[in-house]
Amino acid sequence: MRDKLDKILETSLSLLLGLMVINVLWQVASRYVLNDPSAFTDELSRYLLIWVGLLGAAYASGKGMHVAIELLERKLTTKQKQYQQMAIRLVICVFSVFTLIIGGTRLVVISFQLGQTSSAMQLSLGYVYMALPLSGLLICYYALSDFFNQLKSSHGAS
């Protein structure tokens, strides 16, 4: 399941990033070559960057490529390091649930209820903000998956 999710995220991020590059190239070309700047490209690139950033954070979290401070870890025993890693994964999941999933879902719902739309594209901002709960779900899935895998391996090693 995890490998399939990784592949879906890799493909989605590649497509979004490719679309963003094409969009920015068109923005530059329409502004400087055609002297007729496109009205929606600036806004679209901003929204694509939000999606790439949040989904990329979820992907990095799943691959263990997130920022870590290892000062304390150097002084811990192997067993203590395992407990520390499990605690960190639970904190990441709790943060994701409250901030990204619950807070993001509230933002999406409010945006749809208020009918907030972007100025140039007239796109409902709820679709833009959906990146928050989606990335939160992915981060939480990865954190819990790692937690339970580590729990299994630590009980198997005991």
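Use the structure listed above.
Here the structure is a predicted model, which means the values were calculated and not measured. (Residues numbered from 1 in each chain as written. Predicted model: local features only at pLDDT ≥ 70, side-chain atom pairs only at ≥ 80, totals over all residues. Heavy atoms only, no water.)

As a further point, take the nonpolar core. Leu 9, Leu 13, Leu 16, Leu 48, Trp 51, Leu 55 and Leu 138 are the most contacted members of the largest nonpolar core, which has 17 residues in total. For this core, the secondary structure elements donating two or more residues are helix H1 (2-33), helix H2 (41-63) and helix H5 (131-157). Per element, the largest residue contribution to this core is seven residues, and it comes from H2. Those residues within four positions of Trp 51 in sequence are excluded, and the remaining contacts are Leu 16, Gly 56, Tyr 127, Val 128, Met 130, Ala 131 and Leu 134. (Core = buried A, V, L, I, M, F, W, Y, C linked by side-chain atoms within 4.5 Å. Buried < 20%, exposed > 50% of the residue type's maximum accessible area, 1.4 Å probe, protein only. Helix = DSSP H or I, 4+ residues; strand = E, 2+ residues; numbered from the N terminus. Contact = heavy atoms within 4.5 Å.)

The next thing to look at is H1. For H1, which comprises 32 residues, the first-to-last C-alpha distance of 45 Å matches the rise-based estimate of 46 Å (1.5 Å per residue) to within 8%. Along H1, the residues classified as buried are Arg 2, Leu 5, Asp 6, Leu 9, Leu 13, Leu 16, Met 20, Asn 23, Gln 27 and Ser 30. Looking one or two residues past H1, Asn 35 carries a phi angle of roughly 55°, positive in sign. (Expected span 1.5 Å × (residues − 1).)

With that settled, consider the packing of aromatic side chains. For the structure on display, the rule yields three aromatic pairs. A ring pair is formed by Phe 112 and Tyr 127, whose centres lie 5.1 Å apart and whose planes are at 80°; its orientation type is edge-to-face. Of the two residues, Phe 112 sits in helix H3 (residues 78-114) while Tyr 127 sits in helix H4 (residues 125-129), which places them 15 residues apart along the sequence. With a relative accessible area of 45%, Tyr 127 lands in the partly exposed category. (Phe/Tyr/Trp six-rings, centres within 6.5 Å; stacked < 30°, edge-to-face > 60°.)

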